[in-house]
Structure formats: structure tokens, C-alpha cells
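The primary structure of each chain is shown beneath.
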Amino acid sequence: MYVNEMVEEATVHDRPERKRRLGLLFWLCVGWIVVNVLAAILANVLPLQSPILQNYATINAGPSWHHLFGTDDLGRDIFSRVVFGSRVSIEVSLGAMVIGFGAGAPLGMLAAYRRGKFDAILSSVMYVFLAFPAIIATIAVLSFWTPRSLLKIIVVIGVASIPLVYRVIRGAAMTVATKDYVVAAKVQGATDRRILMKELLPNVAPIGISFLLVGIATVVTLEGALAFLGLSVNAPTPSWGNMINESLSILQTNPWLAIFPSLAMCLFLLCLNFIGDRLRAHFDVTEAKL
Amino acid sequence: MLIVIVFIITVGAFYLIHLLPGDPAVVILGTGDSPANRSRLYRQLGLNKPMVEQYFVWIKNVLRGNLGTSFISQTSVWGTIKTALPIDVEIIVLSQILAFAVAIPTAMRSARKPDGWLDRILSAGSFTLLSIPSFVIIVFLVLVVAVKLGVPHTGPSSYVSLSSDWIVNLESLALPSLTLAVGSYVLYYRVLRSDLIATLQEEFITMARSKGITQRRIMWRHAFRPSSVALLGTAGVNIGGLLAGGFIVQYLLSIPGLGYTLIASIGRSDYLVVQGIVLVVSVGVIVINFAFDFLVNIVDPRISRE
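About the criteria used
Residues numbered from 1 in each chain as written. Chains lettered and ligands numbered in written order. Predicted model: local features only at pLDDT ≥ 70, side-chain atom pairs only at ≥ 80, totals over all residues. Helix = DSSP H or I, 4+ residues; strand = E, 2+ residues; numbered from the N terminus. Buried ≥ 20, exposed ≤ 12 C-beta atoms within 10 Å, placed from the backbone. Contact = placed C-beta atoms within 7 Å. Expected span 1.5 Å × (residues − 1). Arc of directions from axis to C-beta. Bend = angle between axes of the 7 residues up to and from the residue. Axes fitted to C-alpha atoms, helices over the stretch in contact; angles between N-to-C directions. Parallel < 35°, antiparallel > 145°, perpendicular 65-115°, else oblique. Left-handed = near helix turned anticlockwise from the far one by under 90°.

Caption draft 1: Representation of the overall build of chain B. Scanning chain B from terminus to terminus reveals 15 helices and 0 strands. In terms of principal-axis extent, the alpha carbons of chain B reach across some 80 × 55 × 35 Å. Here chain B, with 306 residues, has 38% of them falling under the buried criterion. The contacts of chain B with a sequence gap of at least 6 include a subset with a gap of at least 24, amounting to 68%.

Set out below in C-alpha cells:
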């Protein structure tokens, strides 16, 4: 029996060492996301052709040196449209997550720490909103709230994500708030502010970051779906969803127009999901907590 | 709880109309419409009364099954929804049969030898599929199956109703069902796999093994039921999501389900139809979630006892 326990202890100790390494693929994915974000920020400075310049001399051209990804039915450069299109996806997803986490995370942590009436009321309000199908709410509000703009899209998706963030962060903070070290800090007379920032926040952060990545991936997909409904940014501004939608009418003559933005979007999502997955394994966060 | 949520949904759906800039009657009917129509809309929505009373006028109509009459197509909103909804149900049922039929055996195969070569391939495959949005899948399925291979009745606008020709109907719904099945499969496979792996390490499984019960029987009779709680919960949320989010596959193939009708109505500014569909889908999603919570309690009675 004693030997068994020792063996178990030894193997348990071994594990975190092995997990510490995130692997090459992880860093490749991080690199790809960084490249995407940089390209989106610097799109104006990079030596790209204009994404809205129409050139009827070269319509529906395949990939070539001059047009890396070919051109669309209006002779616009697909490569440049894909790069500029990433802006919308990244802006909407980051903006929405800033709103969602900005409101949802502090409220969730406070509710888990304070408990009592504050938690009871806030949680029941949030749960009612959670029951409301978010995608239908988003579509409904965006179709009625005219005229549409990028900011409105960000606000609507961001507000819709608040209850989700609240639920995840509250759940994570609940398990931390009952731990001995939090009680110890309280006994020592630490202020609430200090406990929230120094004890709760660092321990909730891994789950928060994993959920942030899932959230960004979800919003990128959602923006694509909204583009299909004509509820995203207006033409001729490119977005990945917009471009895939535009490509449908000429799918037979020019499949490139569908392939490149789809590839860009899927690769972006794959990297986000992979980073999230690895981080969850690294921090020992189970998927059920999200 | 259910009643509170449904109440809030009806309030939300009703006040959508007031998000429209300016006088809703003018926005809905357009500036050039006749005063007779405008007064009909005022009566239907009770627009001349105070806000709270407007809601009660509207909800009384809704409870009688009267969601209003579209001012664009001049047909009853409820009638429109009633013809579209069965198509959604059919696609969802088909996709779920496909998803479960593939997810359960593959998850069992993976769980039998976690980190084995088959598990690695299946897990990597499901991970890749997880990152492909449904609108990308349907676009490429249409491109390959309907356009390149030329399989009949699979392209856009080939929908035929179930009552007129069920074989063509199934053919026309094959690609959308397959698309929704892929997304569901990934979810179910991942959830069931990780739960099965955890269950298979329990003592009662070791006990069953030591009694010499076959692997097959252990999987189906002993491990499957305790591992399916999270699966059912996921399925409930996912099916609700398909009802609300399945509009893209319908839109692309012009299948006249609720999602297609919703998009078409947004495009035509047919706000009463949009409002009606939002209401029906929201309530539908909540009913599905509650139904699956109930199912979970049957599979694992310990949950309701807690």
C-alpha cells in the first residue's frame, strides 16, 4: 500500500513537467494569429492594391504573380480584400469581447465573492437572459435597429455575450473563493479589493483566457453568418463572411473567390481553437467548465 | 421559471418594433401607404395606446394564435410559420439521426484505446471540423456534389415538399442535413469520448471486466448510460441552436423553412413576420432545452434528487 502511494505521488509529480511544454504547433498557431492581427492593423501601410478598386480588364482571374489570389467578378484583388476583410472579423470579435468581459467578468467575480442577495438577484437575471437564444436576439435587434454600422454590430454581440461570460467567470471564481488561501487572506485582514485582484483574478484568469479564445472564434463565425443575412458591414467594405456570400452567385465560374476567404477564416479559427485547447490542457481546465 | 422566461421573451419580441426609427406604422407600411392600412396596423398593434397597454393588446392576440397579418404578402403570419416550421423539424431530425449514428460508435472506438492511432486520427479530424463554419461546409458541398458531380436535386432551389414526392424531398434535404450533422457530430463525439474515458476508469467497469463480460456489452450496457448525461445536455443546447441558427443552409439552397423565411422577411422589411418568427423560435429553443433537462433526469435520476 505504502509503495503504491509513493509510486502514485511520483507519477503525479512527473505530469506537470511534461505539460509545461506547449509544443511547436502551439507557437505556430500563435504566430499565425499575430501575423493576421498585424496584417489587419497595418493593411493601409502594406503595399497592397486597393480592396475596392474595380478593374474590368481583369475580372475573375485565377491566382497569378500580379494578383496572388486572383480577382473577383468586379476585377478587385482578392488577396487585398482577404487582408482588409480580416479587419472586420478581428474588430468585431475583439470589440464584442471587450464589452462582454468588461461587464461580465467583474460582475461574475463580485457575485462569486460577495454571494448573498447581490449574487442571487444578478444570477437569476443573467440566467433568464441566457435562456433567450442569443443568435436570434442578435439577428432581430440588428434587423430592426437601422441604419447598421460596425459599432452597432459590436455593441449588440458584446451585450449578448455578457451573460455567457458572467456564468463562466462566476463558476470559476466560486471554486476559488472557497479555497483556504482566500479564507486565510480574509483572516489576515486583506481588503476586498486586494483579495479580488491578488487572489481571485490570477486563479480565474486561465479559464477566462480559454473562454476568451472560444468567444473570439464564435464571434468570427457569427459575423460570417450575419454577413450572409446582409446584417454585417455594407458593401463594398470586404469581410470574410461578405466575400464568401458574394462568391455564391459566381461559384461555378470563379471558385477562388469562395476558397481564399474560407481558407483564411478556417485557418484563423483552427489556430484559435488549437491555442485554446492547448492552454486548457496546460492549465488543467476541463471543457465542461466553459 | 419557464413562465418568467417566456414572459420576458414576449416582452422582448414585442418591443422590437419600437427599435425602428420613427413611427413604426410609417416604417412598416412605407410613407406612401393608405390611411386605412395605417389605422388597421394601429388597431392590430394598439399603437395609439400607452406602451404597457400596447403589450397586452398584442399578447392577447398572440395567445389567440393571431400574430398579425403581413402587410406585404397579406397572409397571416401564423400561417406562414405553420408551413415553414415542419421543414426545419425535418432537417434537424435527419441531421441528428446522422450525427448520433456516427458519433456514438466512433466515440466508443476512441474511448476504448485513448491516444491510440485511431483515437488520434478521429480526434484530429473532429478538431479540424470544429473550426469549419457551417456556411463554408455547405458552400463546398454544393460546389462538389451539385455542381461538379452533378447529382440531381441537390443544388439550390431544388426543394420539393415531403407530401408531393418523398424521395426527391430527401434528396433535396440531403446536403443541408449533412452540413448540420457535421457540426453536431463534432460536439457529440468530443463530449461522449471524454465522458466514456472517465467512466471506463470507474470501479464498476473493472468489476464487470473481471466477471468476463465482453467489451461490447460493457460499452453499451454499463458505460454508455452514465456517460450520456453531458451528451444529452449538449444535444439539447445544440438542437436549440440549430433551430435558431440553421438559417444559412436554408438560405443558400432556397429551402423555404423558418430560417429562409426570416431572411427573406428581413430583406423585404416585413417586420411582423420577423417578429413572429423571433417569438416562435425563441419559445421553441426554450421548450427544447427544458425537454432535454427532463430527459437528463430520466437517464440519471440522481440529478433531480440533489
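Caption draft 2: Layout of the overall build of chain A. In terms of helices and strands, chain A carries 10 helices and 0 strands. Secondary structure elements of chain A occur, N-terminal to C-terminal, as α-α-α-α-α-α-α-α-α-α. Each principal axis of the C-alpha distribution contributes one length, and for chain A these read about 80 × 50 × 35 Å. Out of the 290 residues belonging to chain A, those deemed buried represent 41%.

Caption draft 3: Structural detail: helix 1 (residues 2–15) of chain B. Residue and element names in this part refer to chain B. Compared with an ideal rise of 1.5 Å per residue, which puts 14 residues at 20 Å, helix 1 spans 20 Å between its outermost C-alpha atoms and is within 8% of the ideal. Three or more residues of helix 1 are buried, namely Ile5, Ile9, Ala13 and Phe14. Projected down its long axis, helix 1 carries its buried residues within an arc of 170°, all on one side. For helix 1, the exposed residues lying more than 90 degrees away from the buried face are Ile3, Val4, Phe7 and Val11.

Caption draft 4: Structural context of the interface of chain B and chain A. Every contact between the two is made by 36 residues of chain B and, on the other side, 31 residues of chain A. Breaking the side of chain B that touches chain A down by element, the ones donating at least two residues are helix 1, helix 6 (117–130), helix 7 (134–148), helix 11 (229–245), helix 12 (247–253), helix 13 (258–267) and helix 14 (271–299) of chain B. Ranked by residue count, the leading element in the side of chain B that touches chain A is helix 14 of chain B, at 6 residues.

Caption draft 5: Quick peek at the environment of Leu258 of chain B. Residue and element names in this part refer to chain B. Position of Leu258 relative to the elements: it lies in helix 13. On a C-alpha basis, the gap between Leu258 and Ala84 in space is 5.1 Å, while along the polypeptide they are 174 residues apart. Here Leu258 is in contact with Ile81, Ala84, Leu85, Asp88, Ile277 and Val281, once residues within four sequence places are set aside.

Caption draft 6: Region of interest: unusual backbone geometry. A positive phi angle, near 55°, is found at Arg115 of chain A, a position not held by glycine. According to the C-beta neighbour criterion, Arg115 of chain A is exposed, with 12 such atoms within 10 Å. With a phi angle near 50°, Ser254 of chain B is a residue other than glycine that sits in the positive phi range. Looking at the secondary structure, you find Ser254 of chain B in the loop between helix 12 and helix 13.

Caption draft 7: Representation of the environment of Leu279 of chain B in the model. Residue and element names in this part refer to chain B. In this structure, Leu279 sits in helix 14. With 16 residues separating them along the chain, Leu279 and Leu295 place their C-alpha atoms 25 Å apart. Those residues in contact with Leu279 that sit more than four places away from it in its chain are Ile9, Thr10 and Ala13.

Caption draft 8: Just helix 8 (residues 166–199) of chain B, in detail. Along its 34 residues, helix 8 of chain B runs just 42 Å from first to last C-alpha, ending more than 12% under the 50 Å computed at 1.5 Å per residue. Roughly 45° is the biggest bend found in helix 8 of chain B, and it falls at Ala174 of chain B, with proline Pro176 of chain B one to four residues downstream.

Caption draft 9: Representation of the packing of helix 13 of chain B against helix 14 of chain B within the structure. Residues and elements named next belong to chain B. Across the interface, helix 13 lies against helix 14 with an axial gap of 9 Å and an inter-helix angle of 150°. Accordingly, the angle class assigned to the pair helix 13 and helix 14 is roughly antiparallel. Relative to helix 14, helix 13 is oriented so that their crossing is left-handed. Touching Leu258, Thr261, Leu262, Ser265 and Ile266 of helix 13 are Val273, Val274, Ile277 and Val281, all from helix 14.

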